[in-house]
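Summary of structural features
Now for the letters of each chain:
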Amino acid sequence: MQYYSTNRQVKQANFREAIFKGLPADNGLFLPINIPQLPSSFFENLSSLSLPEIGLAVAKEFVGEEIPLDDLKKIISEVLNFEIPLREVENNVFSLELYHGPTFAFKDVGARFLARCLSYFVTQSKEQLTILVATSGDTGSAVANGFYNVPGIEVILLYPGGGKVSKIQEQQLTTLGGNITALEINGTFDDCQRMVKEAFLDSELRGKKNLTSANSINIARLIPQSFYYFHAFGLLQKNKNSIDKPVVFSVPSGNYGNLSAGLLAKKMGLGVDHIVAASNINKVVPDYLSSGVFDPRPSVMTISNAMDVGDPSNFARMNDWYQGSLEEMQKDIAGYWYNDEQTKAALLKIYKEKQYLMDPHGAIGYLGLKAYQKINEATGIFLETAHPAKFIDVVEEAIDEKIEIPASLAACLEQSKVAIEMEPDYEKLKEFLLSK
Ligand SMILES: *Cc1c(COP(=O)(O)O)cnc(C)c1O
């Protein structure tokens, strides 16, 4: 498969080039030049296919011959080695629990797929690869876990010290060891990001080190997120025997990677009627859907902080697919947004009435789905993107009860932190990288 840039100023890239580059040089985003259509037999059999079988059928269309089928099969089976269950919360309202992976948030699937594809290519060429990431919390742990013990790759994470990431997040970043090194920067997230950017611009360093980023806009993080939608459809078929209403997905969104993956699944032929863009008050995309004006602005902090994005990068992909037409986008996507009070109220209500505990992001997905179903008949699935225990303070406050932390998350709290402290100075980072 070849990939073009949404800015169309650079030549097309193959899968390997697209994932090593991450961002095309013209600052656009990579998209496949054509959308593979899966055979009708695939859709008819969805309910009898396992998650890895679905993943392989979809992934091979995007990877092509660049990774031999047997190797791709191995990659997929390692990436998808946990359950993604579908739970019925109310009549015609289902929760797709994407948080049963190692870091308890949905980003595991994308990060693991990217890690293993990169590893395949560097092992083939006997290279060593260094992944450099600045993180404000969640992305770092998914990336760190995704690359943990992956051959040929070392990971250097930069995170802001002094309590700027939560305790659980810091433990997740600093207790892995092995090929993961955490640098605790005596500064802010912006300092971390600036140091990483300087490294990528330093040609002397890049001549000596094979550096890549694991940025969330990498196409290899997007592709595997489309697996969820096929899988959910199969589970829905199993649950309901026949699907008699239009099927709608509600996606709690920040950078719109997950939602774009849903659009990709729909374009590949999955019978999705609409996708709900469910947002917190950082509502740039719902605003666009109602006004036609895309107006990025600084993000505002909320309790669904993984969605605090003021300039969602994947909008470029969405817009490209609809050729800039608002009307066309509205045919597929409906936007809703909620504030923190509404989010907490929904969390409490569903916990009390249905004994189902959501996290703040999932709660926004639930609310968006209900709003859509108020005016349209639909069977709905909302994506539950994180385990409630990852946001324990917010969740316990909302329901006024203590909740249990899953054993493996609790276990990481017991381990001792290993991090190298560093001043927010690029020369220090460079010295460190060259000494490794
Ligand atoms: C990253 C994240 C989101 C937002 O996903 P996007 O693909 O950026 O829209 C939602 N919920 C959680 C828990 C996340 O970590």
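Before any of the text, the structure's been laid out above.
Residues numbered from 1 in each chain as written. Predicted model: local features only at pLDDT ≥ 70, side-chain atom pairs only at ≥ 80, totals over all residues. Heavy atoms only, no water.

1. Here's the deal with the overall build of the protein
Within the protein one finds 20 helices and 14 strands. Relative to the compact-globule value of 22 Å for 436 residues, the protein shows a C-alpha radius of gyration of 21 Å, a close match. In terms of principal-axis extent, the alpha carbons of the protein reach across some 60 × 50 × 40 Å. For the protein, the share of sequence-separated contacts (at least 6 apart) that also reach a separation of at least 24 residues comes to 75%. Here the protein has roughly 17,800 Å² of accessible surface; of this, 47% comes from carbon and sulfur atoms. Computing the positive centroid from 41 side-chain charges and the negative centroid from 53, the protein places the two 2 Å apart. (Helix = DSSP H or I, 4+ residues; strand = E, 2+ residues; numbered from the N terminus. Rg over C-alpha atoms; globule rule 2.2 N^0.38 Å. Contact = heavy atoms within 4.5 Å. Areas by Shrake-Rupley, 256 points an atom, 1.4 Å probe, with all protein chains shown as cover. Lys, Arg positive; Asp, Glu negative; His and termini not counted. Charge placed at Lys NZ, Arg CZ, Asp CG, Glu CD.)

2. Observations regarding the nonpolar core
With 96 residues, the main nonpolar core has Phe-15, Ile-19, Phe-113, Phe-147 and Phe-230 as its most contacted residues. Here this core takes nine residues from helix H5 (residues 107–125), the largest share from any one element. For Phe-230, the contacting residues outside a window of four places in its chain are Leu-38, Phe-42, Phe-43, Leu-46, Ile-54, Val-58, Ala-265, Met-268 and Leu-270. Among the nonpolar cores identified, the runner-up in size contains 22 residues, and Val-93, Ile-350, Tyr-366 and Tyr-372 belong to it. (Core = buried A, V, L, I, M, F, W, Y, C linked by side-chain atoms within 4.5 Å. Buried < 20%, exposed > 50% of the residue type's maximum accessible area, 1.4 Å probe, protein only.)

3. Overview of the pairing of strand E13 (residues 379–384)
Counted residue by residue, E13 has six buried out of six residues, so it is predominantly covered. Direction of pairing for strand E5 (residues 93–97) relative to E13: parallel, over a ladder of five bridges. Its bridge partner being in E13, Val-93 is matched across the sheet by Gly-380. As paired strands, strand E10 (residues 247–252) and E13 are joined by four bridges and run parallel to one another. (Pairing = 2+ DSSP bridges.)

4. Quick word on the site of the ligand
Taken together, the neighbourhood of the ligand is formed by 14 residues, with Lys-107, Gly-254, Asn-255, Tyr-256 and Thr-385 sitting nearest. Between the ligand and Lys-107 there is a distance of 2.5 Å, counted from an oxygen atom to a side-chain nitrogen or oxygen. In this structure, an oxygen atom belonging to the ligand sits 2.8 Å away from a main-chain N or O atom of Asn-255. When the ligand sits alone it has 380 Å² of accessible area, and the protein chains cover 95% of it. Tallied by class, the residues present in the shell around the ligand amount to six nonpolar, seven polar and one charged. (Near = heavy atom within 4 Å. Polar contact = N/O pair within 3.5 Å; in protein donor to acceptor, adjacent residues only side chain to side chain. Nonpolar A, V, L, I, M, F, W, Y, C, P; charged D, E, K, R; others polar.)

5. A short note on the sheet that holds strand E4 (residues 86–90)
Pairing within the open sheet is mixed, and its six strands lie in the order E4-E5-E13-E10-E11-E12. Because the sheet does not close on itself, it has two edges, and the strands there are E4 and strand E12 (333–337). Sheet twist, expressed as the mean angle between neighbouring strand axes with direction ignored, is 25°. Here E4 runs beside E5; their pairing, made up of four bridges, is antiparallel. Note on E5: the bridge partner recorded for Arg-87 is Ser-95. Relative to the sheet, helix H13 (residues 284–291) contacts strand E11 (272–279) and E12, its axis offset from that of E12 by approximately 125°. (Axes fitted to C-alpha atoms, helices over the stretch in contact; angles between N-to-C directions.)

6. Observations regarding helix H7 (residues 167–174)
Of all eight residues that make up H7, seven are buried, and the element is covered over most of its length. Ile-168, Gln-169, Glu-170, Gln-171, Gln-172, Leu-173 and Thr-174 are the residues of H7 that are buried. Buried residues along H7 sit in contact with helix H6 (138–147), strand E7 (153–160), strand E8 (180–185) and helix H19 (407–414).

7. A short note on the packing of aromatic side chains
In the structure shown here, the tally under the stated rule is 14 aromatic pairs. Aromatic side chains Tyr-228 and Tyr-229 sit 6.4 Å apart centroid to centroid with 35° between the ring planes, which places their arrangement in the tilted category. With 5.8 Å between their ring centres and 80° between their planes, Tyr-366 and Phe-382 make a pair best called edge-to-face. Of this pair, Tyr-366 sits in helix H17 (residues 360–375) while Phe-382 sits in strand E13, and the two are 16 residues apart along the sequence. (Phe/Tyr/Trp six-rings, centres within 6.5 Å; stacked < 30°, edge-to-face > 60°.)

8. Considering a nonpolar patch on the surface
A cluster of nonpolar side chains, Ile-281, Val-300 and Trp-337, forms an exposed patch at the surface whose accessible area comes to about 240 Å². Mapped onto the elements, Ile-281 comes out in the loop between E11 and H13. (Patch = residues over 30% accessible without salt bridge, like charges linked within 9 Å, V, L, I, M, F, W, Y side chains within 5 Å. Salt bridge = Lys/Arg side-chain N within 4 Å of Asp/Glu carboxyl O.)

9. Points about the pattern of salt bridges
Across all of its chains, the model carries 25 salt bridges by this definition. Glu-154 serves as the salt-bridge partner of Lys-436, at 3.8 Å between the closest nitrogen and oxygen. Taken together, the positions of Lys-436 in the segment after helix H20 (426–435) and Glu-154 in strand E7 put the pair 282 residues apart, joining distant regions of the chain. The class for Glu-154 is buried, based on a relative accessible area of 15%. For Lys-402, the salt bridge goes to Glu-396, with nearest N and O atoms at 3.4 Å. For Glu-396, a relative accessible area of 14% puts it in the buried group. A single network of salt bridges, built from pairs that share partners, joins Asp-202, Glu-204, Lys-208 and Lys-430.

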